[in-house]
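# Descriptive structure summary
Here is how the chains run, residue by residue.
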Amino acid sequence: MAKKQFKAESKRLLDLMINSIYTHKEIFLREIISNASDAMDKLAYKALTDDKVAVDRSELKITLTPDQIARTLTISDNGIGMTREELESNLGTIARSGSLQFKEEMAKQEKAEGDTTDIIGQFGVGFYSAFMVADHVSVTSRAYGSDEAFRWESDGADGYTITPCDKERVGTDIVLHIKANTEEDHYDEYLEQYRLSDLVKKYSDYIHYPIVMLMHKSRQKPRPEDAGDDYKPEWEDFDEWETLNSMVPLWQRPKSEVKPEEYNQFYKEKYGDWEDPLSVIHVSAEGTVEYKAMLYIPAHAPFDFHTREYQKGLQLYSSGVLIMDKCADLLPDHFRFVKGVVDSQDFSLNISREMLQHTRQLKVIATNLEKKIKAELLRLQKDDREKYEQFWKAFGIQLKVGVVSDYGAHKDLLRDLLLFFSSKEGKLTSLAEYKERMPEEQPYIYYACGEDTAQLDKLPQAERIRDKGYEILYLTDEPDQFVINALGELDGKAFKSVDDDDALPETDEEKAALEQQAEESKPVLDFLKEVLGDQIKEARISKLLKTGAVCLTADGPITLEMEKYFQKMDP
Ligand code: ADP
Ligand code: MG
């Protein structure tokens, strides 16, 4: 049978895997086990949502079988399995989101360091990692609801075959033919029970299905009743099934017992990110609704974040059983970048069928989580500014959109989280920090809209305001003006555009001087109007300028920047 070729990008990833350095090779087991666990989750989930599917959850497990003579390690699951088409599309290409990002990052890192091996250890790289330790991989699978089975086989980079075969039970058996030892690399250990057992404890302890292995052990025989003084203890060999993992999900463990690496590893594995999250929020709530939650704030926006494909939501578990994969009701839109899980016994297993009855509980949890997320972001803003600014760069725009949306319903919640560029500080500032620096007599909170901060720094209108020691927020993002309009004011102080005519209230003297100046300048102003004609509404003496000679001002409540924005939207 003719071999099919891998897609080009898969080939590259495969090469990278096969040549990865020794210390990372061991993660292949974690990858294969996590796929097996996913497959069982999918089957259990199907059973929840479809009355015709009956699955006994207690039967679901992952079995490891090393065979030192054949040099194989078999990882079996009784999950949902794969059809022929699924074998083809899931294992024949790497088109997954995670891999795409991986590749991009890889290219970047390659340039920077000339070395790509490090990310392999950090990031969930998936099924292909099997080729780090195996020179031949076969995947025998029977999909749920099908009586056919197929075998996918490959020696690595030069392609794969798929052939029909027999398999009695639904699920997947992955057989890795373990490579022979070389001078530098040792592979024999992946056939040793105790090494495998350690690897499961290290990487897959929290997997909530049993990972079992028939362990070969020996024990002392019981001392016979009639044994004399010269009795020498005898030993016997026996085999015993052992569950290798503790099955306690990370979020069920007390916060004090979870190491930062464990949080991060879980995140990267589960959400296919190569970078550690900025923050973890681990909640154990008691009260009207009891739940555990583990939320993550990513360090960067996923590549599809700004597309329609991106779906917000948290995974919802009931006592460790996944009942909903992306529960959108648990996250407000302005925090849609948050990833994580919520586990509550208060939900029944068939929540998807009776969602409505649970909306109250969901609301309580969602409101609590929203508060926790805000508190954590504020903490970052105060205590770890660098991280917060990284967060702001990635998701600030989402918060701004949040302020404007739903008729400003969320503005009070989000206001404290906003950052704007400050004329005084030369960097980003929060509104609270602005207020703290503000002189008491300052009448307004000033802002100026423009393309970039350097340009705004030269704005003639801003000079007089800055001279008074007042700080100006430089707004350079398109929605900024709308954000300011939605906010309206801050603790009683209104926002004021620097090109507003009455940006600086003048004294009576100043007023008189201005009137006189206008009188004297009438010929010049008339001349300007005559020359420019319809291009301007009027030419007048400005109170705003100091050393600058002229400036443009918008007519009415809309600023020039907004006008530009509307013109762009309306071609
Ligand atoms: P990921 O797990 O991130 O999707 P992988 O490379 O680990 O990527 O796996 C690719 C796909 O192959 C999975 O998404 C899944 O559809 C399928 N797959 C892998 N292992 C199994 C398995 N044991 N049972 C069912 N499907 C599997
Ligand atoms: Mg996987």
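Conventions used here
- In this convention, every chain numbers its residues from 1, walking through the sequence in written order.
- For naming, the first written chain is A and the first written ligand is 1, with later ones following in the order written.
- Reporting of local features is limited, given that this is a predicted model, to residues whose pLDDT is at least 70; pairs of side-chain atoms are given and counted only at 80 or more, and all residues count toward the totals for whole chains, interfaces and linings.
- In this description a helix means any DSSP run of H or I spanning at least four residues, a strand means any run of E spanning at least two, and both kinds are numbered starting from the N terminus.
- Working definition of burial: number of other C-beta atoms within 10 Å of the residue's own, with buried at 20 or more, exposed at 12 or fewer, and partly exposed in between, all C-beta atoms being placed from the backbone.
- Here, nearness is defined through the C-beta atom: a residue counts as near a molecule or strand if that backbone-placed atom lies within 6 Å of it.
- At least two bridges found by DSSP between two strands is the condition for calling them paired.
- The term nonpolar core refers to a set of buried Ala, Val, Leu, Ile, Met, Phe, Trp, Tyr and Cys residues connected through C-beta atoms within 7 Å.
- The contact criterion used is a C-beta to C-beta distance within 7 Å, with each C-beta placed from the backbone.
- Fitting a line to C-alpha atoms yields each axis, with helices limited to the stretch in contact; the angle taken between N-to-C directions then spans 0 to 180 degrees.
- Just so you know how the angles are binned, under 35 degrees is roughly parallel, over 145 roughly antiparallel, 65 to 115 roughly perpendicular, and the rest oblique.
- Crossing chirality is assigned from the near helix's rotation relative to the far helix, an anticlockwise turn below a right angle marking it left-handed and a clockwise turn marking it right-handed.
- Put simply, Ala, Val, Leu, Ile, Met, Phe, Trp, Tyr, Cys and Pro go in the nonpolar bin, Asp, Glu, Lys and Arg in the charged bin, and everything else, Gly too, in the polar bin.
- Along the chain, pLDDT gives the predictor's confidence residue by residue, from 0 to 100.
- Multiplying 1.5 Å by the helix residue count minus one yields the expected span of that helix.

### Observations concerning the overall build of the protein
A count of helical and extended segments in the protein gives 16 helices and 19 strands. For the protein, buried positions account for 33% of its 571 residues.

### Focus on the site of ligand 1
In the vicinity of ligand 1 there are 18 residues, among which Asn35, Ala39, Asn90, Gly126 and Phe127 approach most closely. Elements represented by at least two residues in the shell around ligand 1 include exactly α2 (27–49) and α3 (84–91). Per element, the largest residue contribution to the shell around ligand 1 is 5 residues, and it comes from α2.

### Some details on the sheet that holds strand β19 (residues 493–497)
Strand order in the open sheet formed by 6 strands is β15-β14-β17-β16-β19-β18, with mixed pairing between adjacent strands. Strand pairing shows two members of the sheet lacking a second neighbour, β15 (428–430) and β18 (489–490), which therefore form its edges.

### Some points on the nonpolar core
Looking at soluble globular proteins, one finds that nonpolar side chains tend to be buried together. Counting 116 residues, the largest nonpolar core has Tyr446, Ala448 and Ile472 as the members making the most contacts within it. Considering each element in turn, this core owes the most residues, 11 residues, to α2. Not counting residues up to four positions away in its chain, the partners in contact with Ile472 are Ser423, Tyr446, Tyr447, Ala448, Ala462, Ile465, Arg466 and Val498.

### Quick word on the packing of helix α9 (residues 385–404) against helix α14 (residues 480–487)
Remark: α9 packs on α14, axes separated minimally by 8 Å, with the N-to-C direction vectors making an angle of 45 degrees. Between α9 and α14, the crossing angle belongs to the class labelled oblique. As α9 runs across α14, the sense of the crossing is left-handed. On α14, the residues touching Lys400, Val403 and Val404 of α9 are Phe482, Val483, Ala486 and Leu487. Its residues assigned to classes, the contact of α9 with α14 comprises 6 nonpolar, no polar and 1 charged.

### Concerning unusual backbone geometry
Trans is the prevailing form of peptide bonds, just as negative phi is the prevailing case for residues other than glycine. For Arg71, which is not a glycine, the phi torsion comes out positive at approximately 55 degrees. In this structure, Arg71 sits in the loop between β1 (62–67) and β2 (72–77). Note on Arg71: 19 C-beta atoms within 10 Å, which makes it partly exposed. Within the chain, Tyr407 stands out as a residue other than glycine whose phi angle is a positive 55 degrees. With respect to the helices and strands, the residue Tyr407 is situated in the loop between α9 and α10 (411–414).

### Topic: the sheet that holds strand β13 (residues 339–343)
Strands pair in a sheet through their backbones, by hydrogen bonds, and they do so in one of two ways: parallel or antiparallel. Pairing in this open sheet of 5 strands is mixed, and the strands run β9-β10-β13-β11-β12 from one edge to the other. In this open sheet, the two edge strands, each paired with only one partner strand, are β9 (279–285) and β12 (321–327). Strand-to-strand twist across the sheet, computed as the mean angle between neighbouring axes with direction ignored, equals 15 degrees. In this sheet, β12 lies alongside strand β11 (residues 314–318) in antiparallel orientation, the contact comprising 4 bridges. For Leu316, the partnering residue across the bridge sits in β12 and is Met324.

### What about the confidence of the model for the protein?
Of all residues in the protein, 84% attain a pLDDT of 70 or more, and the chain-wide mean is 85. Every residue in residues 94–100 is under pLDDT 50, and counting partners more than four places away or in other chains gives 13 contacts. For the stretch residues 113–124, pLDDT sits under 50, and the model shows 27 contacts to residues farther than four places along the chain or on other chains. Of the two predicted TM-score estimates for the complex, the pTM is 0.68 and the ipTM is 0.99.

### Description of helix α7 (residues 260–271)
In this model α7 runs 16 Å from its N-terminal to its C-terminal C-alpha over 12 residues, within 8% of the 16 Å that 1.5 Å per residue would give. Within α7 the residues assigned to the buried category are Tyr263, Gln265, Phe266 and Tyr267. Elements in contact with the buried residues of α7: β9 and β10 (291–297). Positive phi appears at Gly272, one or two residues downstream of α7, with a value of about 60 degrees.

### Let's talk about the pairing of β11
The buried fraction of β11 amounts to 4 of the 5 residues, a majority that puts the element mostly inside the structure. Counting the residues between successive antiparallel strands, the hairpin from β11 to β12 contains 2 residues, one of them, Ser319, with a positive phi of roughly 50 degrees. As paired strands, β11 and β13 are joined by 3 bridges and run parallel to one another. Each residue of the ladder has a partner; that of Tyr317, found in β13, is Asp343.

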